[in-house]
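# A closer look at the structure
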Amino acid sequence: MGFRLGNTEFRYGLLLAPMAGVSDRAFRQTCVDCGAEYTVTEMVSAKALCYRDAGSERLAALSEGELPCAVQIFGHEPEIMAEAVQRICREIDPGASMPTAIDLNMGCPVRKIVSNGEGSALMKNPALAGEIIRAVCAVSPIPVTVKIRTGWNDSSRNAVALAGIAEENGAAMICVHGRTREEMYAPPVDPETIAAVKRAVSIPVVANGGIFSADDALRMLEQTNCDGLMIARGAMGNPWLFGQIRAALDGRSFELPPLEKRLETAMRQVERMILDKGERVALPEARRQLSYYIKGERGSAETRDRLNRSLTMEEFRSIVADFLRRGE
Ligand SMILES: Cc1cc2nc3c(=O)[nH]c(=O)nc-3n(C[C@H](O)[C@H](O)[C@H](O)COP(=O)(O)O)c2cc1C
């Protein structure tokens, strides 16, 4: 396990997945603090970047020293995708970091994206997928990676073919989410197809899907022989999963911090979100993030309701303090 991308070496190959509305700078930092080696931004529209949409530019901008991190873009036009990559790599704000890689989204199942021929729809159009990868690789000064699913549906599991196309056209790494587009996010995950991709290409292969515990991670590694693991929902409210997996791989024991410490981490994340985006934008997203940190704990439902009605960071703080004092 582990791989190299450009000049960067990943000892374990533990990645935080791109998640729209979730893997913002604050969450990426939290996950790195807890053991993730590499993160990916939320997906950014290539077209919007070309139109200089300020919101998209913010999504694609890494903070100073924020590494390793890939910027993920989506789109369906090779020239637009290539132009977006040139903008990302050339027009970096002073103080921001050059990304480690550009990741191409070929897995998003959302109807709005797919109906434009983007995201996982590209798995139905391997020729265009290849053209996009080639066009982006031709202009990108940094490695280009591709995130795919196992296929469009059960009768079209073409991840192996697509991975071959990605490799031929210059991709430096491929990540396979072990579900088809039709399966969306439902279990189970298909490790056999990921294993077949790993056997078929010589670039690093990262496995993704359904990793919620260190045992899940070890099983995925064993079943696929992949070079790295990408975690999405398992890290929400539990960024310590990365440390847990590292410990399991090293044969060490791991102790989850107590609830109070976990909530300190969560509140630090919320503070960073507010610094980055301002209270108005950050608070609705922060409510969701905080709910994951308290999920399954006694009193979490009532606390979630209070969080949903709260309007300021100060209220957040007092709700979290009440939650920690519950039952005293
Ligand atoms: C809220 C949410 C947002 C997501 N956004 C993206 C995205 O922007 N780009 C992408 O490639 N995948 C996205 N995904 C898919 C994840 O990266 C990942 O492939 C999927 O959730 C399976 O991994 P998991 O079982 O560990 O959650 C998203 C998933 C979730 C739950």
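This section reports on the structure supplied with the text.

Each value, and the rule that gives it
Residues numbered from 1 in each chain as written. Predicted model: local features only at pLDDT ≥ 70, side-chain atom pairs only at ≥ 80, totals over all residues. Heavy atoms only, no water. Helix = DSSP H or I, 4+ residues; strand = E, 2+ residues; numbered from the N terminus. Contact = heavy atoms within 4.5 Å. Near = heavy atom within 4 Å. Polar contact = N/O pair within 3.5 Å; in protein donor to acceptor, adjacent residues only side chain to side chain. Areas by Shrake-Rupley, 256 points an atom, 1.4 Å probe, with all protein chains shown as cover. Buried < 20%, exposed > 50% of the residue type's maximum accessible area, 1.4 Å probe, protein only. Pairing = 2+ DSSP bridges. Right-handed = clockwise from strand over helix to strand, strands pointing away. Axes fitted to C-alpha atoms, helices over the stretch in contact; angles between N-to-C directions. Parallel < 35°, antiparallel > 145°, perpendicular 65-115°, else oblique. Nonpolar A, V, L, I, M, F, W, Y, C, P; charged D, E, K, R; others polar. Salt bridge = Lys/Arg side-chain N within 4 Å of Asp/Glu carboxyl O. Core = buried A, V, L, I, M, F, W, Y, C linked by side-chain atoms within 4.5 Å. Domains from an automatic or database assignment. Disulfide = S-S within 2.5 Å.

## What to know about the environment of Lys47
Note that Lys47 resides in helix α2 (residues 46–50). As for Lys47 and Glu83, which are separated by 36 residues in sequence, their C-alpha atoms are 8.9 Å apart. Among all residues touching Lys47, those that are not within four sequence positions of it are Glu77 and Ile80.

## Describing the site of the ligand
Near the ligand lie 17 residues; those nearest to it are Ala20, Gln72, Asn208, Gly210 and Arg233. His177 is positioned such that a nitrogen or oxygen atom in its side chain is 3.4 Å from an oxygen atom of the ligand. Surface burial for the ligand is 91%, taken as the share of its 620 Å² of free accessible area covered by protein chains.

## As for the pairing of strand β8 (residues 144–151)
Walk down a regular strand and you will see the side chains alternate between the two sheet faces. Burial analysis of β8 places eight of its eight residues in the buried class, which makes it a mostly covered element. As defined by bridge partners, strand β7 (residues 101–106) adjoins β8 across five bridges and the pair is classed as parallel. When the bridges of β8 are listed, Ile102 appears paired with Val144. In this structure, β8 lies alongside strand β9 (residues 173–180), joined through six bridges in parallel fashion. Bridge pairing links Arg149 to His177 in β9. In terms of handedness, the path from β8 via helix α7 (residues 159–168) over to β9 forms a crossover that is right-handed.

## Some remarks on the packing of helix α12 (residues 279–294) against helix α13 (residues 300–309)
Where α12 contacts α13, the axes come no closer than 10 Å and their chain directions differ by 170 degrees. Compared by their axis directions, α12 and α13 come out roughly antiparallel. Contacts from Arg287, Leu290, Ser291 and Ile294 in α12 reach Ser300, Thr303, Arg304, Leu307 and Asn308 in α13. Split by residue class, the contact of α12 with α13 holds three nonpolar, four polar and two charged.

## What to know about the pattern of salt bridges
A complete count under the given rule lists 23 salt bridges for this structure. Look at the salt bridges and you will find they share partners, linking Asp154, Arg157, Glu183 and Asp190 into a network.

## A few points about the pairing of strand β11 (residues 228–231)
Here β11 shows a buried face lined by Gly228 and Met230 and a second buried face lined by Leu229 and Ile231. Sheet analysis places strand β3 (residues 14–16) next to β11, joined by three bridges and oriented parallel. Its bridge partner being in β11, Leu16 is matched across the sheet by Ile231. Two elements, strand β10 (residues 205–208) and β11, share three bridges in a ladder whose sense is parallel. Counted as the bridge partner of Val206 is Gly228 from β11. This β-α-β element, β10 to helix α9 (residues 214–224) to β11, shows right-handed connectivity.

## Notes on the nonpolar core
The biggest cluster of nonpolar side chains holds 99 residues, and the ones touching the most others in it are Ile73, Leu104 and Met106. Here this core gets seven residues from one element, more than from any other, and that element is helix α11 (residues 259–277). Formed jointly, this core draws a minimum of three residues from each of two domains, domain 1 (3–250) and domain 2 (259–325). Each residue touching Met106, except ones within four places of it in the same chain, is listed here: Gly119, Ser120, Leu122, Met123, Ala129, Ile132, Ile133, Val146, Lys147, Ile148, Arg149 and Leu162.

## Section: the side chain of His177
Examined against the element boundaries, His177 turns out to sit in strand β9. Judged by its relative accessible area of 5%, His177 falls in the buried class. In this structure His177 touches Ile148, Arg149, Thr150, Met184, Tyr185, Asn208 and Gly209, once residues within four positions along its chain are discounted.

## With respect to the state of the cysteines
Enumeration over the complete set of coordinates arrives at zero disulfides. The thiol of Cys34 is unpaired, and the distance to the nearest cysteine sulfur, on Cys31, comes to 6.7 Å. Cys34 sits in the buried class, given a relative accessible area of 14%. Between Cys89, a free cysteine, and Cys137, which holds the nearest cysteine sulfur, the sulfur-to-sulfur gap is 12 Å.

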